[in-house]
Amino acid sequence: AQSLVSRFQSYSQQIDTLRNGVNGQVTSTIDTINGYASQVASLNQRIAALTGSGTAQDLPNDLLDQRDQLISQINAQIGVTPVVQSDGTFNLFLSNGQALVTGGTAQKLVAVRVDDNPQNVEIGVEIGPGVIHFTGSDLSGGALSGLLAYRDTTLAAEQNEFGRVAIVIGDAFNGQH
């Protein structure tokens, strides 16, 4: 019985280690996205300033190329939809419609723990003094979406199945005892 309990505890610790690793990757990915979004906002400001002084054809191609590269890197991390503005800038929207970059302003994504599931970090965006929380299903595309899907579906299902096995074996063991 002690050996069985020890194995169950070891397996449970392995699942917790996987979950903590995914939560760490989520936090790291959010930091990366915030850095890219801030750079896009900065490039938008420079592009808008140059567009205001002439035509969009006068823009240095290196600024446009940098911005396009950053948007591609953001898309690799989280799905965004760029919307071109009249001044040559791009606004970036997440798959749930939340703005990530508007003109020269980048919203900050945060990883937060919520009361209903404190073992997982959830994604949110800081709006003023508050945070708007997203679920994993609110976001699609990119590495972040894959991490959330793995944690919230595959890993959670495995832990639930393991819990059911432990309950059945525990009940059978107690019945025999």
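Procedures and definitions
Residues numbered from 1 in each chain as written. Predicted model: local features only at pLDDT ≥ 70, side-chain atom pairs only at ≥ 80, totals over all residues. Heavy atoms only, no water. Helix = DSSP H or I, 4+ residues; strand = E, 2+ residues; numbered from the N terminus. Rg over C-alpha atoms; globule rule 2.2 N^0.38 Å. Buried < 20%, exposed > 50% of the residue type's maximum accessible area, 1.4 Å probe, protein only. Contact = heavy atoms within 4.5 Å. Lys, Arg positive; Asp, Glu negative; His and termini not counted. Charge placed at Lys NZ, Arg CZ, Asp CG, Glu CD. Expected span 1.5 Å × (residues − 1). Arc of directions from axis to C-beta. Phe/Tyr/Trp six-rings, centres within 6.5 Å; stacked < 30°, edge-to-face > 60°. Lys NZ or Arg CZ within 6 Å of the ring centre and 35° of its normal. Axes fitted to C-alpha atoms, helices over the stretch in contact; angles between N-to-C directions. Parallel < 35°, antiparallel > 145°, perpendicular 65-115°, else oblique. Nonpolar A, V, L, I, M, F, W, Y, C, P; charged D, E, K, R; others polar. Core = buried A, V, L, I, M, F, W, Y, C linked by side-chain atoms within 4.5 Å. Patch = residues over 30% accessible without salt bridge, like charges linked within 9 Å, V, L, I, M, F, W, Y side chains within 5 Å. Areas by Shrake-Rupley, 256 points an atom, 1.4 Å probe, with all protein chains shown as cover. Salt bridge = Lys/Arg side-chain N within 4 Å of Asp/Glu carboxyl O.

Colleague: Give me the overall build of the chain: which residues, what numbers.
Modeller: Scanning the chain for helices and strands turns up three helices and seven strands. Overall, the chain shows an N-to-C arrangement of helices and strands of α-α-β-β-β-β-β-β-β-α. Here the chain has a C-alpha radius of gyration of 22 Å; the compact-globule value for 177 residues is 16 Å, and the former is much larger. With respect to the three principal axes, the spread of C-alpha positions in the chain is 85 × 30 × 20 Å. Counting the 177 residues in the chain, one finds 33% classified as buried. Across the chain, every contact between residues at least 6 apart in sequence was considered, and the portion connecting residues at least 24 apart equals 54%. In the chain, which carries 8 positive and 16 negative side-chain charges, the distance between the mean positions of the two groups comes to 6 Å.

Colleague: Tell me about helix α2 (residues 61-77), and name the residues and values.
Modeller: Its 17 residues place the ends of α2 25 Å apart at the C-alpha level, agreeing with the 24 Å of an ideal helix rising 1.5 Å per residue. Along α2, the positions that sit buried rather than exposed are Leu 63, Arg 67, Leu 70, Ile 71, Ile 74 and Gln 77. Viewed along the axis of α2, the buried residues span an arc of 115°, placing them on a single side of the element. Exposed side of α2, more than 90 degrees from the buried face: Asn 61 and Asp 65 are the residues found there.

Colleague: Got a sec to walk through the packing of aromatic side chains? Specific residues and values, please.
Modeller: Under the definition given, this model contains two aromatic pairs. When the centroid spacing of 5.2 Å and the interplanar angle of 80° are considered together, the rings of Phe 8 and Phe 162 count as edge-to-face. Of the two residues, Phe 8 sits in helix α1 (residues 2-52) while Phe 162 sits in helix α3 (residues 142-176), which places them 154 residues apart along the sequence. The same class applies to Phe 8 and to Phe 162, which are both buried. Members of the aromatic cluster, joined through ring pairs, are Phe 8, Tyr 11 and Phe 162. If you follow Arg 67 out to its NZ or CZ, it ends over the ring of Phe 90, 3.9 Å from the centre.

Colleague: Break down the packing of α2 against α3 for me, citing the residues and quoting the values.
Modeller: Direction vectors running N to C along α2 and α3 enclose 5°, while the axes themselves pass 2 Å from each other. Comparing their axes, α3 and α2 come out roughly parallel. Of the residues in α3, those in contact with Asn 75, Ala 76 and Gln 77 of α2 are Gly 142, Ala 143, Leu 144 and Ser 145. Here the residues of the contact of α2 with α3 sort into three nonpolar, four polar and no charged.

Colleague: Let's hear about the nonpolar core: which residues, and what values?
Modeller: Inside soluble globular proteins, nonpolar side chains tend to come together where they are buried. Val 26, Ile 78, Leu 100, Leu 109, Ile 123 and Leu 144 are the most contacted members of the largest nonpolar core, which has 30 residues in total. Elements represented by at least two residues in this core include exactly α1, α2, β2 (90-94), β3 (99-102), β6 (117-127) and α3. For this core, the leading source of residues is α1, giving ten residues. Ile 123 has contacts with Val 26, Ile 30, Leu 109, Val 110, Ile 132, His 133, Phe 134, Leu 139, Leu 144 and Leu 148, leaving out every residue within four places of it along the chain.

Colleague: Account for the side chain of Asn 34, with residues named and values stated.
Modeller: Tracing the backbone shows Asn 34 in helix α1. Look at Asn 34 and you get buried, because its relative accessible area is 13%. Not counting chain neighbours up to four residues away, the residues in contact with Asn 34 comprise Gln 107, Lys 108 and Leu 109.

Colleague: Hey, could you go over a nonpolar patch on the surface for me, with residue numbers and the actual values?
Modeller: Where nonpolar side chains cluster on the molecular surface, the patch consists of Leu 4, Val 165 and Ile 169 and spans about 200 Å² of accessible area. When you line up the elements, Ile 169 lands in helix α3.

Colleague: I'd like a rundown of the pattern of salt bridges, residues and numbers included.
Modeller: Counting across every chain of the model gives four salt bridges. Close ionic contact of Asp 16 with Arg 19 constitutes a salt bridge, the shortest N to O distance being 3.7 Å. Within this pair, Asp 16 and its partner Arg 19 are both found in helix α1, separated by three residues, close to a single helical turn. When its relative accessible area of 29% is taken as the criterion, Asp 16 is described as partly exposed. Since its relative accessible area comes to 3%, Arg 19 is described here as buried. Here Arg 164 ties to Glu 161 by a salt bridge, and the two come within 2.9 Å at their closest N and O atoms. Placement of both Arg 164 and Glu 161 in helix α3 is noted, with a separation of three residues, approximately one turn of the helix. On the basis of relative accessibility, which here comes to 48%, the residue Arg 164 falls in the partly exposed class. Take Glu 161: its relative accessible area is 40%, and that puts it in the partly exposed class.

Worth remembering: the numbers are spatial, not functional.
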